[in-house]
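# Report on the structure
What follows is each chain in one-letter form.
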Amino acid sequence: MTALPHARIAITQPMIDGYARLSGDFNPLHVDPEAAAKTPFGGTIAHGCIPMEPIFQAIQHWLGRPDLPQDTRMSLRYHRPSQPGDTIRLEATAATADGTDGILRVDFACLNQRDETVISGHCTLPAPAA
Amino acid sequence: MSVNPLTTFEAAEIGRKVCEGRMTVTQTDIDTFCALMGYDDPAYRADAPGGAIAPSSMGLTYGLRLGWEESVFPPGAIRMGDENIHGVPARPGDELVTDLTVTDRFERKGRRFLTYRMETRNRTGALVCSVAFTAIVP
């Protein structure tokens, strides 16, 4: 079993606003601090894809390539939202998946600065070409 | 904000394509995404040998953009989990086609769930990204 490189992302409101422009998701919960302050979250929350970023960055860094291998499959669950000011870090390990011919399985968790799990899941990477 | 009636919990036709969207990948969008997320690999730059590619995680935005543009996702929906597949990288100039389908509907513990799948392919038909996410819907 191999630990993946460290990766983290510091979430900011400008980052969330920029992601809204790229994804078209202008939900006030993401981009309107005044409206979001009246919700149970007490403020804006990041789009779910933003705290996923350390997963991509760590795997790609580990593999030494700028993209995920074709047919990489990712399965994940969101546990709690991330908010501006949060720093999300990744804890992940990789191992050859049982009963496969070299397919790699990466188990991961994204945690905030309070060590709370934000996202957990796993992904499978196709076996490297011989 | 009105929601596409074909995507409400009651009316969703499971497995039927709800909408299709087309977009062209631009270097400007790639540069913006890289700046936001902290990507600095030369492979994403306009002068990359063989041409730039978009970061894999940028593929997640294509289907979401379609869903929001077409008012598919109801206000107040809470995303619970994803099943994603990453294919070939997108490149500047690629004309991408995204199909959006509601693939499942179920109730659990008094809550109602819908699963959406957004599949993005390039002009050759190669899969760029498939995003399937399940959300609690109002």
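If you're wondering where the values come from, they're calculated on a predicted model, not measured in any experiment.

### Concerning the overall build of chain B
Each helix and strand in chain B was counted, giving 2 helices and 5 strands. When its helices and strands are written in sequence order, chain B yields β-α-α-β-β-β-β. With respect to the three principal axes, the spread of C-alpha positions in chain B is 55 × 30 × 25 Å. Counting the 138 residues in chain B, one finds 38% classified as buried. Considering only residue pairs separated by 6 or more positions, chain B has 72% of its internal contacts joining residues 24 or more positions apart.

### What to know about the nonpolar core
Counting residues in hydrophobic clusters, the biggest one holds 65 residues, and the most contacted among them are A:I50, A:I55, A:L90, A:V106 and A:C110. Here this core gets 6 residues from one element, more than from any other, and that element is strand 5 (residues 127-137) of chain B. Excluding anything up to four places from it in sequence, A:I50 contacts A:I9, A:I11, A:M15, A:I16, A:Y19 and A:S82.

### Topic: the environment of A:A37
Residues and elements named next belong to chain A. Locating A37 in the fold gives a position in the loop between helix 3 (33-36) and helix 4 (53-63). We classify A37 as exposed; it has 11 C-beta atoms within 10 Å. When neighbours within four sequence positions are excluded, A37 is seen to be in contact with G42 and G43.

### Comments concerning the pairing of strand 2 (residues 78-86) of chain B
As a general feature of sheets, a regular strand has side chains that alternate between the two faces. Of the pairings in the sheet, the one linking strand 3 (residues 72-78) of chain A to strand 2 of chain B comprises 6 bridges and is antiparallel in character. Within strand 2 of chain B, the residue paired with A:R73 across the bridge is B:I85. Pairing of strand 2 of chain B with strand 5 of chain B involves 8 bridges; the strand directions are antiparallel. Counterpart to B:E83 in the pairing with strand 5 of chain B is B:A132.

### Quick look at the interface of chain A and chain B
Listed per partner, the contact involves 24 residues of chain A and 29 residues of chain B. Counting only elements with at least two residues in the side of chain A that touches chain B, the list comes to helix 1 (13-23), helix 4 and strand 3 of chain A. If you tally residues by element for the side of chain A that touches chain B, the top one is strand 3 of chain A, at 7 residues. Of the residues that constitute the side of chain A that touches chain B, the class distribution is 11 nonpolar, 7 polar and 6 charged.

Cut-offs and rules
- Residues numbered from 1 in each chain as written.
- Chains lettered and ligands numbered in written order.
- Predicted model: local features only at pLDDT ≥ 70, side-chain atom pairs only at ≥ 80, totals over all residues.
- Helix = DSSP H or I, 4+ residues; strand = E, 2+ residues; numbered from the N terminus.
- Buried ≥ 20, exposed ≤ 12 C-beta atoms within 10 Å, placed from the backbone.
- Contact = placed C-beta atoms within 7 Å.
- Core = buried A, V, L, I, M, F, W, Y, C linked by C-beta atoms within 7 Å.
- Pairing = 2+ DSSP bridges.
- Nonpolar A, V, L, I, M, F, W, Y, C, P; charged D, E, K, R; others polar.

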